[in-house]
Structure formats: structure tokens, C-alpha cells
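Per-entry structural report
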Amino acid sequence: MAGRYVITKDERGDFRFALVAANGQTVAVSEPFRTKPACVNGIESVRRIAADATIDDRTVPATAP
């Protein structure tokens, strides 16, 4: 089974989505969205952007030239 996006409402009534791995582990949680369509749009944005995203590791010190 592939991962999934789970949409919920928080205590303030805002919508959030979580990216959940196939093993049930939550990988990421979104910012709050005022409307469900905005939340779904956020999911679509992650789908488009994350497929080709690079890793920017800022924990490794830069090497001197």
C-alpha cells in the first residue's frame, strides 16, 4: 500500500493534511488552511513540487575553496 494524505480539522476548525507512510507513520503535517479546497490545493502543490525536490542540507559546514 502506498502512502496517503489524511485531511483533518483542528480544534480551531481549520483544515490540515498529514502525509502518512504505508506503515502508518506520519511523515509531515501541513500548516492550517481555512477551507477544505485550500487544503486539497496544498496537497496538490506538495505532489507537484516534492517529486523533483532536492535536499538542501544546512547541517553540514561549507567546505573552503
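In case you missed it, the structure is sitting above this.
Source: prediction; values computed, not measured. Along every chain, residues carry numbers that run from 1 in the direction the sequence is written. Totals for whole chains, interfaces and linings use every residue, but because this is a predicted model, local features are given only for residues with pLDDT of at least 70 and side-chain atom pairs only at 80 or more, for both listing and counting. Water and hydrogen atoms were dropped before computing side-chain values, which therefore reflect all heavy atoms in the structure.

Here we take up the overall build of the protein. Helix numbers and strand numbers start at the N terminus; a helix is a DSSP run of H or I with at least 4 residues, a strand a run of E with at least 2. A tally of helices and strands in the protein yields one helix and three strands. What you see in the protein, going N to C, is helices and strands ordered as β-β-β-α. Overall, the protein is about 50 × 30 × 20 Å in size when its C-alpha atoms are taken along their principal axes. Across the protein, every contact between residues at least 6 apart in sequence was considered, and the portion connecting residues at least 24 apart equals 15%. Charge assignment in this entry is limited to Lys and Arg as positive and Asp and Glu as negative, and neither His nor the chain termini are counted. We put the charge of a Lys on NZ, of an Arg on CZ, of an Asp on CG and of a Glu on CD. Charge centroids of the protein, computed over 9 positive and 8 negative side chains, lie 7 Å from each other. Any two residues whose heavy atoms approach within 4.5 Å are treated as being in contact.

Right, let's talk about helix H1 (residues 36-50) for a bit. To estimate how far a helix should reach, multiply one less than its number of residues by 1.5 Å. For H1, built from 15 residues, the straight-helix expectation of 21 Å at 1.5 Å per residue is met to within 8% by its first-to-last C-alpha distance of 21 Å. The cut-offs for exposure are 20% and 50% of the maximum accessible area for each residue type, with area from a 1.4 Å probe on protein chains only; residues under the lower value are buried, those over the upper are exposed, and the others partly exposed. If you check which residues of H1 are buried, you get Cys-39, Gly-42 and Ile-43. On an axial view of H1, the arc spanned by its buried residues comes to 100°, and they lie on one face. Exposed residues pointing more than 90 degrees away from the buried face of H1 are listed as Pro-37, Arg-48 and Ile-49. Structurally, the start of H1 carries an N-cap: the backbone nitrogen of Ala-38 is 3.2 Å from a side-chain oxygen of Thr-35. Each direction from the helix axis to a C-beta atom contributes to the arc, which is the arc of those directions. Pairs of N or O atoms within 3.5 Å make up the polar contacts considered here, provided that, within protein, one atom can donate a hydrogen while the other can accept it, and that residues adjacent in sequence are counted only when both atoms are side-chain atoms.

In this section: the packing of aromatic side chains. Stacked, edge-to-face and tilted are the three classes for Phe, Tyr and Trp ring pairs, Trp counted by its six-membered ring, which pair at centre distances within 6.5 Å; planes under 30 degrees apart are stacked, over 60 edge-to-face, the rest tilted. Enumeration over the complete set of coordinates arrives at two aromatic pairs. A ring pair is formed by Phe-17 and Phe-33, whose centres lie 6.2 Å apart and whose planes are at 20°; its orientation type is stacked. Remark: Phe-33 occurs in the loop between strand S3 (26-29) and H1 and Phe-17 occurs in strand S2 (residues 15-20); sequence separation between them is 16 residues. One exposure class covers both Phe-17 and Phe-33, and it is buried. An aromatic cluster is built from Tyr-5, Phe-17 and Phe-33, whose rings are joined through pairwise contacts.

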